[in-house]
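# Residue-level structural notes
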Amino acid sequence: MTARLLTPALVLLLIALASTSLLAGTVWLTPAQAAAALVDPRADLAQLVMVEVRLPRLVLALLVGGILGLSGAVLQGLLRNPLAEPGLLGVSSGASLGAVIAIYYGFAAGFTLATPLFALAGALATVAVALALGRTRGTLSLILAGIAVSAIAGAGVNLALNFAPSPYAAYEIMTWLMGSLVDRSWDHVALAAPFILVGSVLLFATARALDALALGEAQAESLGIHVRRTYLLALVGTALGVGAATAVTGAIGFVGLVAPHLVRAAVGQRPGATLLPATLAGAAIVLAADIATRLIRTGPEIKLGVFVAAVGAPFFLWLVLHVRRTGA
Amino acid sequence: MIDLALEGVTLRRGGRTVLDRVDLRFPAGRLTCVIGPNGAGKSTLLGVAAGLLAPSEGSVALDGTPLAGLPRRSLARRRAFLPQSPAVEWGIPVERVVALGLTPHLPAFGALPAAWQARIDAALTRYDLHQLRRRPATQLSGGELARVMLARATVGDPELLIIDEPTAGLDPRHALDAAARLRALADEGCTVLVALHDLDLALRMADDVVAVKGGRVLAAGPALAILDDAVLSELYDTPARVIHDKHGAAVRFLA
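Analysis parameters
- Along each chain, the written sequence defines residue order, and numbers are assigned to residues from 1.
- Chain labels run from A onward and ligand labels from 1 onward, assigned in the order the entries are written.
- For a predicted model such as this one, the threshold for reporting local features is a pLDDT of at least 70, and the threshold for listing and counting side-chain atom pairs is 80 or more; totals across whole chains, interfaces and linings nevertheless cover every residue.
- Side-chain numbers here rest on the full set of heavy atoms in the structure, without hydrogens or water.
- UniProt positions are given in the numbering used here, feature names are shortened, and annotations may be inferred rather than shown by experiment.
- If DSSP finds at least two bridges between two strands, the strands pair.
- Helix numbers and strand numbers start at the N terminus; a helix is a DSSP run of H or I with at least 4 residues, a strand a run of E with at least 2.
- Whether two residues are in contact is decided by their heavy atoms, any of which lying within 4.5 Å being enough.
- The axes used here are C-alpha line fits, helices contributing only the stretch in contact, and every angle between their N-to-C directions lies in the interval 0 to 180 degrees.
- Within a predicted model, pLDDT stands for the predictor's per-residue confidence, ranging from 0 to 100.
- Throughout this description, any angle smaller than 35 degrees is read as roughly parallel, any larger than 145 degrees as roughly antiparallel, any in the 65 to 115 degree range as roughly perpendicular, and the remainder as oblique.
- It is the rotation of the near helix from the far one that decides the hand of a crossing: anticlockwise by less than a right angle makes it left-handed, clockwise makes it right-handed.
- For any pair of parts, buried area is found by adding up, for both, the accessible area (1.4 Å probe) each one loses once the two are put together.
- By salt bridge we mean one thing: a side-chain nitrogen of Lys or Arg within 4 Å of a carboxyl oxygen of Asp or Glu.
- Whenever two N or O atoms come within 3.5 Å, that pair is a polar contact, provided that in protein one can donate a hydrogen and the other can accept it, and provided that, for residues adjacent in sequence, both atoms are side-chain atoms.
- Polar here means any residue outside two lists: the nonpolar Ala, Val, Leu, Ile, Met, Phe, Trp, Tyr, Cys and Pro, and the charged Asp, Glu, Lys and Arg; Gly therefore counts as polar.

Per an unreviewed UniProt entry, chain B carries the name Iron complex transport system ATP-binding protein and comes from Sphingomonas jatrophae. Looking at chain B in UniProt, the text filed under Function (unreviewed entry) is "Part of the ABC transporter complex HmuTUV involved in hemin import. Responsible for energy coupling to the transport system."

Going by an unreviewed UniProt entry, chain A carries the name Iron complex transport system permease protein and comes from Sphingomonas jatrophae. Listed under Sequence similarities (unreviewed entry) in UniProt, the entry text for chain A is "Belongs to the binding-protein-dependent transport system permease family. FecCD subfamily." Under Subcellular location (unreviewed entry), UniProt gives the following word-for-word description of chain A: "Cell membrane".

Given below as structure tokens:
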């Protein structure tokens, strides 16, 4: 019963959050103003705020949150580990390193999309390396390869910060690393959306295999599941989707880790059945956090990635303790 | 009815020969126990027979069709496999675990066809799992999990069932129960292949026995011909006696 109500409930929540997201901010709009802005082609302030600022930001929040939640659910099912998340494979740190290179060498000053493009290249490169190193098909070797590649990319980011040519460059790098949806335009949506959509298709294609993998790789294989292909779909899907998401927003942690846990119990813990609700939950988390960063006004704006981490880290702690207690 | 044949099967792994020129036939509707010391290659033999491990040389054929040429889904529909100490990694309800046995029968998209629910119910009934159907699989005892796994393996009515150590970790009552259920499957026409350490259980349920040592078949044939003093003594490098009395037969090692 709860499983049947879960998806509609999450969709309703998303609609409510999306409406709030369009109305809330420095300039508050009434629903009537918002509706008028969406249908009226004349460019006034409300129309500008709506179409050029809030709408792309809303679309990005949905895409980014969705792919983070989806990828987390797929990776947890694939690795049969409740602590797996997209960052584990080095996607986020690879994207960070790419972005930092773009900022550090001044490409970012040249044209706006240099940072996300470099970040995307970085994400794909790290996952390719992790896959090549961990391809012996053991989950452990894959996780270890991901951690190693993450550490190398992280070291690169720190090197760039250490040798930053100017305090301004260091500040810009730090700002990007915190993750944010501020000042994102339709260009960012156009850059990220195709990768995120293709990534989602690959990730959703693993659903049935993930269910069978709950019995372990030997039994899944005996049930006609192509386990190697499932790994490839999951990893390439994560690299494309989360790589593109990180490329346009910066690093946003914990969503991929938390979203699957929020919905798992309601779907009877079946890994394949968590995919859609985890996608919706991830989108809701990022959207809610983005609204919160706009509404919390204490001095400088709080960055989205920082806010999610501040709320997500305590949850992570609770999760570790809970897993230890139940021995699950 | 299905007939499985291994011909000249050799498997090398990391420079070591795990199986060495194995020729075996598993006739339809018979229960065969594979016995042998630890590391003899029993599990590898089962993996090759199930089509999960590709032999380095030789071939495995199901009713005359080489396994290598069968699409994995159609093979999965006919053959079920349970590895040693199978586990369920998430707290999935028992009923859904059993339903996973129907994975190769599922349509490309969409949910389980309603017609299959009857199969799942029948499997739950057969293995006394009705009371447990909503229990998360992570909260089962060893005996309950063994029954769930048997139900999972047989829910799709496989013609060939391959099980590695189904009674490991089970107490005598549950081990006998599992043996009786496997015997019943074979009597219904399923070809059953079981790796087993418990020789008394093998004496009780096997039609045929294959004795494996050092990757080679030491002896193969009808159970009573293989489970005798000479073969068992050589197989385990320990003097053995098979003792027959009015309650049946038992193996005793004399070392």
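## Considering the sheet that holds strand β1 (residues 4–13) of chain B
Residue and element names in this part refer to chain B. Reading across the sheet, the four strands line up as β2-β1-β4-β5 and stay open at both edges, with antiparallel pairing between neighbours. The sheet is open, and its two borders are formed by β2 (16–26) and β5 (65–66), each paired with just one other strand. Across seven bridges, the pairing between β1 and β2 is antiparallel. Counted as the bridge partner of Arg12 is Thr17 from β2. Sheet contacts for helix α1 (residues 42–49): β1, β2 and β4 (57–62); angle to β1, the most-contacted strand, approximately 125°.

## Quick notes on the confidence of the model for chain B
All names here are of chain B. Averaged over every residue, the pLDDT of chain B is 91; residues scoring 70 or more account for 98%. For chain B, the element scoring lowest by mean pLDDT is strand β12 (residues 248–253), at 89; strand β3 (residues 31–35) scores highest, at 96. Our summary of model confidence lists the complex with pTM equal to 0.90 and ipTM equal to 0.90.

## Describing the UniProt feature "transmembrane region" (unreviewed entry) in chain A
All names here are of chain A. Per the UniProt record, the feature "transmembrane region" (unreviewed entry) sits at residues 58–75, 87–107, 113–133, 140–161, 189–210, 231–255, 275–292 and 304–323. Here residues 87–107 is 71% helix and 0% strand, with 25 Å between the C-alpha atoms at its ends. Annotated as 100% helix and 0% strand, the span residues 140–161 places its first and last C-alpha atoms 31 Å apart.

## A few points about the packing of helix α3 (residues 45–79) of chain A against helix α14 (residues 275–295) of chain A
All names here are of chain A. Across the interface, α3 lies against α14 with an axial gap of 6 Å and an inter-helix angle of 135°. Compared by their axis directions, α3 and α14 come out oblique. The handedness of the crossing between α3 and α14 comes out as right-handed. Between α3, through Arg54, Arg57, Leu58, Ala61, Leu62, Gly65, Gly66, Gly69, Leu70, Ala73 and Val74, and α14, the contact on the second element is made entirely by Leu275, Ala278, Thr279, Gly282, Ala283, Val286, Leu287, Asp290, Thr293 and Arg294.

## Points about the pairing of β12 of chain B
As judged from the six bridges shared by strand β11 (residues 240–245) of chain B and β12 of chain B, these two strands associate in the antiparallel manner. Pairing of His244 of chain B across the sheet is with Ala249 of chain B, part of β12 of chain B.

## As for the interface of chain A and chain B
Each partner contributes residues to the interface: chain A has 23 residues there, and chain B has 29 residues. Summed over both partners, the interface of chain A with chain B buries about 2,100 Å², with 60% contributed by carbon and sulfur atoms. The largest contributions to the chain A side of the interface with chain B come from Arg208, Gln219 and Leu223 of chain A, which together make up 30% of the buried area. Remark: the boundary between chain A and chain B carries one salt bridge. Counting across the chain A and chain B interface gives six residue pairs in polar contact (both at pLDDT 80 or more). Residue assignment for the side of chain A that touches chain B shows that the elements contributing at least two residues are α3, α10 (207–213) and α11 (217–222) of chain A. At four residues, the largest contribution of residues to the side of chain A that touches chain B is made by α11 of chain A. Of the residues belonging to the side of chain A that touches chain B, the class tally is eight nonpolar, nine polar and six charged.

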